[in-house]
Amino acid sequence: MKPNIVAIVKRERRSVLFVLLCSVILVTLECGLKIEQRPHFAEKIAAARLARQAFDVIKTARCNRGYEIDPELDPARSGLVGDYLTQVTSNTGLLESKHTSINPNFAALFFDFLVEAGVTSGDTVGVAFSGSYPALNIAVVIACETLGARPVITSSASASNWGANVPDFMWLDMERVLVEQGIISHRSIAASLGGIEDVGFGMSPEGRRLLREAIERNGVPFLDSADRHDGSRKRVELYESQSAPGSLAAFVNVGGGAAVVGTLLGKRTFKVGVNQHAPNRAERIDSVVSYFATRGVPIIHLVYVDFLAEKFALPVAPTEMPAVGEGSLFWKRGYYTTLAIVYLFVTMFSSILLLRHNNTFIKNNGEKRLIRR
């Protein structure tokens with residue numbers, strides 16, 4: 001029996017119409033995407049705005065000291081990029097990573113990290129800074145204070161290339177300015193020289209003198225230690241003296257301070273971001289983060305800045321200051337559920353009708369025998 005040509009054409013027409021219907025539904029759903037706010041949107045926006053304000057305060061303070069901002073070295077014109085090499089430079093650092101760090105939205109990311117670590121309002125958080133990433137230091141303090149947590153901070157005064165390494169405007173100077181301007185409420189309770197072994201090993205006598213001078217002029221107690229092991233022990237004692245035993249809700253590390261993370265192995269043992277549990281090798285590393293991690297304290301490890309930015313959809317080495325509230329930290333795309341369900345039923349109903357028609361066609365026109373042949 002020969003197939004009915006008219007019936008075949010009608011069937012194919014229905015198939016084409018069905019495909020068109022599905023396409024229209026998909027396009028409509030895609031166009032019907034809605035933008036939703038992420039959890040803690042208001043707090044994260046507030047933190048990012050305050051971080052941006054803090055950056056502006058630092059820029060003004062630096063310019064008032066007579067320093068010009070080189071747009072080639074600091075394209076965001078933030079005032080948070082230091083020099084390549086000064087007498088208080090501790091180690092190597094990448095200029096691109098400094099550019100990446102100068103983003104007020106890191107304050108929102110760190111707010112998320114604190115929440116993920118289980119920190120709540122009223123908690124005490126241990127914090128360790130160096131001068132290498134002043135923008136990240138600012139973001140961490142603001143994230144803690146926005147959440148209502150109390151950061152207990154120790155710092156090392158020196159900085160890597162392009163960090164806060166201007167001798168008369170170092171991280172401790174920036175921190176004091178921000179407190180005086182009412183941007184933040186907490187500052188370092190102690191500071192070491194930093195650098196190799198946390199004692200400025202390999203730096204010139206003049207460089208170490210400038211570091212001591214910066215610590216003294218900002219009224220911060222000097223954390224004097226024999227080496228990184230001694231520095232680690234003294235930091236732990238400081239943190240525990242500022243909180244009830246076992247009461248630290250989390251510990252935040254920014255950078256690769258020798259006493260805080262130990263050697264390069266210690267820096268790499270902890271993953272970037274939130275570490276809810278101590279890594280397997282942590283107990284073998286003599287450092288502040290290992291000490292607290294092995295006692296059940298969540299560690300927020302902020303190193304490898306470019307990787308951190310890529311992982312959480314923040315721009316790497318932007319040439320302009322990123323806008324507050326920009327990106328997936330604040331917004332997510334979603335579908336209108338009711339519309340999607342309606343379209344699903346329309347598609348299912350249309351599919352059933354098409355299948356029933358095709359079965360009728362095959363039965364009436366003998367296509368089963370043609371397919372066998």
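Residues numbered from 1 in each chain as written. Predicted model: local features only at pLDDT ≥ 70, side-chain atom pairs only at ≥ 80, totals over all residues. Heavy atoms only, no water.

## A short note on the pattern of salt bridges
Part 1 of the argument: Evaluation of the coordinates by the stated rule reveals 14 salt bridges.
Part 2 of the argument: The salt bridge involving arginine 176 is made with aspartate 173; its shortest N-O contact spans 3.8 Å. Taken together, the residues arginine 176 and aspartate 173, both in helix α6 (residues 171-180) and three residues apart, mark about one turn of the helix.
Part 3 of the argument: On the basis of relative accessible area, arginine 176 is assigned to the buried category, the value being 18%. (Salt bridge = Lys/Arg side-chain N within 4 Å of Asp/Glu carboxyl O. Helix = DSSP H or I, 4+ residues; strand = E, 2+ residues; numbered from the N terminus. Buried < 20%, exposed > 50% of the residue type's maximum accessible area, 1.4 Å probe, protein only.)

## A look at the packing of aromatic side chains
Part 1 of the argument: For the structure shown, the criterion picks out 11 aromatic pairs.
Part 2 of the argument: Feature note: the residues Phe106, Phe110, Phe113 and Phe312 constitute an aromatic cluster, connected by ring pairs.
Part 3 of the argument: Between the NZ or CZ atom of arginine 212 and the centre of the ring of phenylalanine 222, over which it lies, the distance is 4.1 Å.
Part 4 of the argument: If you follow arginine 295 out to its NZ or CZ, it ends over the ring of tyrosine 291, 3.6 Å from the centre. (Phe/Tyr/Trp six-rings, centres within 6.5 Å; stacked < 30°, edge-to-face > 60°. Lys NZ or Arg CZ within 6 Å of the ring centre and 35° of its normal.)

## Topic: the sheet that holds strand β7 (residues 248-254)
Part 1 of the argument: Reading across from one edge, β6-β3-β2-β7-β9-β8 is the order of the six strands in this open sheet, with mixed pairing throughout. For this open sheet the edge positions go to β6 (188-192) and β8 (273-275), each flanked by a neighbour on one side alone. Ignoring strand direction, the axes of neighbouring strands in this sheet form an average angle of 20°.
Part 2 of the argument: Across the face of the sheet, helix α5 (residues 134-147) comes into contact with β2 (124-129), β3 (150-156), β7 and β9 (299-302) while running at roughly 175° to β2.
Part 3 of the argument: Of the strands in this sheet, β2, β3, β6 and β7 touch helix α8 (residues 228-241), which is tilted by about 160° from β3. (Pairing = 2+ DSSP bridges. Axes fitted to C-alpha atoms, helices over the stretch in contact; angles between N-to-C directions. Contact = heavy atoms within 4.5 Å.)

## A closer look at the packing of helix α2 (residues 41-64) against α5
Part 1 of the argument: Between α2 and α5, the least distance of the axes is 9 Å, while the angle of their chain directions is 140°. With respect to each other, α2 and α5 are oriented oblique. For α2 against α5, the interelement crossing comes out right-handed. Residue-level contacts link Glu43, Ala47, Leu50, Ala51, Ala54, Phe55 and Ile58 of α2 to Ala135, Ile138, Ile142 and Thr146 of α5.
Part 2 of the argument: Partitioning the contact of α2 with α5 into residue classes produces nine nonpolar, one polar and one charged. (Parallel < 35°, antiparallel > 145°, perpendicular 65-115°, else oblique. Left-handed = near helix turned anticlockwise from the far one by under 90°. Nonpolar A, V, L, I, M, F, W, Y, C, P; charged D, E, K, R; others polar.)

## What to know about the environment of tryptophan 162
Part 1 of the argument: Tracing the chain through its elements places tryptophan 162 in the loop between β3 and β4 (165-166).
Part 2 of the argument: With 65 residues separating them along the chain, tryptophan 162 and serine 97 place their C-alpha atoms 9.4 Å apart.
Part 3 of the argument: Sequence-distant contacts of tryptophan 162, defined by excluding residues within four places in its chain, comprise Leu73, Leu80, Val81, Gly82, Asp83, Tyr84, Gly93, Leu94, Leu95 and Lys98.

## Re the nonpolar core
Part 1 of the argument: Grouped together as the largest cluster of nonpolar side chains are 78 residues, with contacts concentrated most on Phe106 and Phe110.
Part 2 of the argument: Residues in contact with phenylalanine 110, not counting those within four places in the same chain, are Leu136, Ala139, Val140, Ala143, Leu302 and Leu308.
Part 3 of the argument: Counting 16 residues, the second largest nonpolar core, distinct from the first, contains Leu248, Val260, Ala282 and Val297. (Core = buried A, V, L, I, M, F, W, Y, C linked by side-chain atoms within 4.5 Å.)

## Here's the deal with the environment of cysteine 144
Part 1 of the argument: Mapping cysteine 144 onto the fold places it in helix α5.
Part 2 of the argument: It is 8.8 Å that separates the C-alpha atoms of cysteine 144 and serine 121, two residues lying 23 residues apart in sequence.
Part 3 of the argument: Beyond its immediate chain neighbours, meaning those up to four positions away, cysteine 144 contacts Leu114, Val125, Ala149 and Pro151.

## Describing the confidence of the model for the chain
Part 1 of the argument: Within the chain, residue pLDDT values average 88, and 80% of them lie at 70 or more.
Part 2 of the argument: Residue range residues 367-373 is modelled with pLDDT below 50. Its contacts to residues more than four positions away, or to other chains, number seven contacts. (pLDDT = per-residue confidence, 0-100.)

## As for the side chain of serine 97
Part 1 of the argument: Along the chain, serine 97 turns up in helix α3 (residues 95-101).
Part 2 of the argument: Setting aside chain neighbours within four positions, we find serine 97 in contact with Tyr133, Val305 and Asp306.

## With respect to α5
Count 3.6 residues to each turn of an α-helix, and residues three or four apart come out pointing the same way.
Part 1 of the argument: Between its terminal C-alpha atoms α5 stretches 20 Å, which fits the 20 Å expected from 14 residues at 1.5 Å a residue.
Part 2 of the argument: Extensive coverage of α5 is indicated by the burial of 12 of its 14 residues.
Part 3 of the argument: Along α5, the residues classified as buried are Pro134, Ala135, Leu136, Asn137, Ile138, Ala139, Val140, Val141, Ile142, Ala143, Cys144 and Leu147.
Part 4 of the argument: Glycine 148 sits one or two residues past α5 and shows a positive phi near 95°. (Expected span 1.5 Å × (residues − 1).)

## Regarding helix α7 (residues 205-217)
Part 1 of the argument: With 13 residues, α7 extends 18 Å from end C-alpha to end C-alpha; this agrees with the ideal 18 Å at 1.5 Å per step.
Part 2 of the argument: Burial in α7 covers these residues: Gly207, Leu210, Leu211, Ala214 and Ile215. Along the axis of α7, the buried residues cluster in a sector spanning 140°; they form a single face. Opposite its buried face, α7 presents the exposed residues Pro205 and Glu216, each directed more than 90 degrees away.
Part 3 of the argument: Residues of α7 that are buried sit in contact with β5 (169-170), α6 and β6.
Part 4 of the argument: A positive backbone phi angle near 65° is found at glycine 219, which sits one or two residues after α7. (Arc of directions from axis to C-beta.)

## So, the side chain of asparagine 218
Part 1 of the argument: Note on placement: asparagine 218 falls in the loop between α7 and α8.
Part 2 of the argument: Within polar-contact distance, the side chain of asparagine 218 engages the side chain of arginine 176 at 2.5 Å.
Part 3 of the argument: Leaving out residues up to four positions away in the same chain, asparagine 218 has contacts with Leu172, Asp173, Arg176 and Arg187. (Polar contact = N/O pair within 3.5 Å; in protein donor to acceptor, adjacent residues only side chain to side chain.)

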